[in-house]
Amino acid sequence: MARTSCRACHGLDGDVVLDLGDQPACDYFPAWDDPGPDPVYPLQMWLCASCGLAQLVADPTVPEEPRGAEPAALTQQAADAVQRVMAADWLRVGARVGEYGSPHGGSWLPLLAHRPMSVAGAGERADVVLDCFGMMHCSDQVGALAERTARVAPGGVLLLQFHSLATILRRGQWNSLRHGHYAYYSTTALASMLTAGGFTPRTAWQFDLYGGTVLLAATRNTDSEAAPDATVRALIAGEEKLGVRDPERVRGLQHAAESCADAVHQWLSERQAAKTTVLGYGAASRAVALLCRAGVDSSLLPAVADASPAKQGRRMPGTDIPVIGTEELVAAHAASILLFLPDLLTEVRNGLPQIEASGGRWIDVETLVSGQQEH
Ligand SMILES: [Zn+2]
């Protein structure tokens, strides 16, 4: 097997910190009557000992993700982020903005359309270069960052938004690891990458999205001698305490994967024994990894609902569980609906009031593991 080389600093020293074994491609949803078996590929996270970037080891899969529905939580967070960045004067009237988006949504551009700003064309220089969960989809991390920094106009700012590795560790979100997502940034690792690219992190904002999302602002070293502010320093100090660069600490995700899969399997088995119907909601990559790891099939979970028409009529990769639409979900009158994406809770409760009106309950999958069922 070829030796792993860091996607950011090309360092060769590091550790495999999470190994989920062979997994189906989480973005390949076969037709519901495709009997499988689905091809599987190794899925591992590696932590670079030099720059601290947690990353996907190898990815032999080809992205073919059916377009998911953009969660309301993501668009609300984008609006919040625009407000906060403008209030802090990093996004000014007349600015040219260049955006690197994500296939999962969350673009700022629709929010800027009604403001006195202009959108830079592809490859053009911009005063504000924004990467909104985009760069993690690039296999060559140092190349992707260089492309973004090169587009920052003199005196401009680079804004990088990411689901933080610190959050993944604090909340045991082992199933954030997926094919197609090459990097799992801590503020520490991203600061190291920026420094190597001639940029300095200046300030940061935090959001509750995905349990903890960071937006980092960085400027070119030659523009000013400004240093990281107290927010950035506090984030990095907190991460050091947490152990984001410590392979033993990050390996805790392996334990989280095992206890989470056990908890979900046991809970579903108990519901089956009690003859209560449980259906799932959210045919996302996190659900694919969890159901595969937990060995759940349609006898334990007869269907997973999803708002994306592109996924309906298909089945979950690696198992025989069909993906259904929300109308079918409502008509099924399940006693409990296991929600695989906790960020969607408010949206689904508001959008599908019939579920609770007919006695159904939404169960946040993260509460099964922590042993506290609130909803
Ligand atoms: Zn590295």
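Each chain has its residues counted from 1, running along the sequence as written. Given that this is a predicted model, residues contribute local features only at a pLDDT of at least 70 and side-chain atom pairs are listed and counted only at 80 or more, while totals for whole chains, interfaces and linings are drawn from all residues. Side-chain calculation: all heavy atoms of the structure are included, whereas hydrogens and water are not.

Let us now look at the coordination of the zinc ion. Protein-derived ligands of the zinc ion are C6 (SG), C9 (SG), C48 (SG) and C51 (SG), with the metal-ligand distances lying across 2.2 to 2.4 Å. Around the zinc ion sit four donor atoms, and with donor-metal-donor angles ranging over 99 to 115° the site reads as tetrahedral. Metal donors: N, O and S atoms at distances within 2.8 Å, or within 3.2 Å for Na, K and Ca, with water omitted from the atom set so that some sites may seem incomplete. For the zinc ion, all donor residues lie on one chain, and their spacing in sequence is C-x2-C-x38-C-x2-C. Of the two residues, C9 sits in the segment before strand 1 (14-24) while C51 sits in the loop between strand 2 (40-48) and strand 3 (54-56), which places them 42 residues apart along the sequence. A four-donor site is called tetrahedral if each angle lies between 85 and 135 degrees; a four-donor site is square planar, and a six-donor site octahedral, when trans pairs exceed 155 degrees and the remaining angles lie between 65 and 115; all other cases are labelled irregular. Only DSSP runs of H or I covering at least 4 residues are called helices, and only runs of E covering at least 2 are called strands; the numbering of each starts at the N terminus.

Turning our eyes to something else, we now look at the sheet that holds strand 5 (residues 118-119). Strand pairing is assigned whenever DSSP identifies at least 2 bridges connecting the two strands. Taken together, the six strands give an open sheet; going across it, the order is 5-4-6-7-10-9, and neighbouring strands pair in mixed fashion. Only two strands of the sheet have a single partner each, and these edge strands are strand 5 and strand 9 (199-207). Pairing geometry for strand 4 (residues 96-100) and strand 6 (residues 126-132), over four bridges, is parallel. Residue E99 lies in a different strand from strand 6, and its bridge partner there is L130. Whether two residues touch is decided by their heavy atoms; if any such pair falls within 4.5 Å, the residues are in contact. Helix axes are fitted to C-alpha atoms over the stretch in contact, other axes to C-alpha atoms as well, and angles between N-to-C directions run from 0 to 180 degrees. Contacts from helix 1 (residues 72-87) reach strand 7 (152-163), strand 9 and strand 10 (213-220), with the element oriented near 130° to strand 9.

Right, let's talk about the nonpolar core for a bit. One finds L91, W108, L159 and Y185 to be the most contacted residues of the largest nonpolar core, which totals 56 residues. Not counting residues within four places of it along the chain, the set of residues in contact with L91 comprises V82, V85, M86, V97, W108, L112, M117 and V128. By convention a nonpolar core is built from buried Ala, Val, Leu, Ile, Met, Phe, Trp, Tyr and Cys residues, the set being connected through side-chain atoms within 4.5 Å. Categorising residues by exposure relies on relative accessible area from a 1.4 Å probe, with only protein chains included: less than 20% of the type maximum marks a residue as buried, more than 50% marks it as exposed, and the intermediate range marks it as partly exposed. Counting 49 residues, the second-largest nonpolar core is a separate cluster that includes M45, I168, W174 and C260.

Relative to strand 2, strand 1 runs antiparallel, the two being bridged by eight bridges. Across the sheet, residue D15 finds its bridge partner in strand 2, namely L47. Across three bridges, strand 2 lies against strand 3 in antiparallel orientation. Across the sheet, M45 pairs through a bridge with L56, a residue of strand 3. Linkage of strand 2 to strand 3, two consecutive antiparallel strands, is achieved through a turn of five residues, within which G52 is found at a positive phi near 85°.

Classification of ring pairs rests on two measures: the distance between centres of Phe, Tyr or Trp rings, Trp counted by its six-membered ring, which must be within 6.5 Å, and the angle between planes, read as stacked under 30 degrees, edge-to-face over 60 and tilted in between. Applying the stated criterion across every chain, the model contains three aromatic pairs. Ring geometry for F162 versus Y185: centroids 5.9 Å apart, planes at 70°, classification edge-to-face. Taken together, the residues F162 in strand 7 and Y185 in the loop between strand 8 (183-184) and helix 5 (187-196) connect sequence positions 23 residues apart. In this structure, F162 and Y185 share a single accessibility class: buried. Judged by centre distance (5.7 Å) and plane angle (80°), the ring pair of Y281 and W362 falls under edge-to-face. Of this pair, Y281 sits in strand 11 (residues 278-281) while W362 sits in strand 15 (residues 361-364), placing them 81 residues apart in sequence. There is no split in this pair, since Y281 and W362 are both buried. A cation sits over an aromatic face here: R148 above Y100, 3.9 Å from the ring centre. By definition, being over a ring means that NZ of Lys or CZ of Arg is both within 6 Å of the ring centre and within 35 degrees of the ring normal.

Interaxial distance between helix 8 (residues 252-273) and helix 9 (residues 285-294) falls to 8 Å at its minimum, and their mutual angle equals 75°. It follows that helix 8 is roughly perpendicular to helix 9 by the angle criterion. Between helix 8, through Q254, A257, E258, C260, A261, V264 and H265, and helix 9, the contact on the second element is made entirely by L290, R293 and A294. Under the scheme applied here, ten amino acids are nonpolar (Ala, Val, Leu, Ile, Met, Phe, Trp, Tyr, Cys and Pro), four are charged (Asp, Glu, Lys and Arg), and all others, including Gly, are polar. Classifying every residue of the contact of helix 8 with helix 9 by side-chain character gives six nonpolar, two polar and two charged. By the definition adopted for this analysis, an angle is roughly parallel if under 35 degrees, roughly antiparallel if over 145, roughly perpendicular if from 65 to 115, and oblique otherwise.

Let's shift gears to the pattern of salt bridges. A carboxyl oxygen of Asp or Glu within 4 Å of a side-chain nitrogen of Lys or Arg is what we treat as a salt bridge. With the rule as written, the count across this model stands at twelve salt bridges. Residue D131 pairs with R148 through a salt bridge whose shortest N-O separation is 2.7 Å. Taken together, the residues D131 in strand 6 and R148 in helix 3 (residues 141-150) connect sequence positions 17 residues apart. Overall, R148 belongs to the buried group, its relative accessible area being 4%. Put simply, R251 and E248 hold a salt bridge, and the shortest N to O gap is 2.4 Å. We classify R251 as partly exposed; its relative accessible area is 28%. On the basis of relative accessible area, E248 is assigned to the exposed category, the value being 54%. Here the residues in one salt-bridge network are D15, E248 and R251, joined through shared partners.

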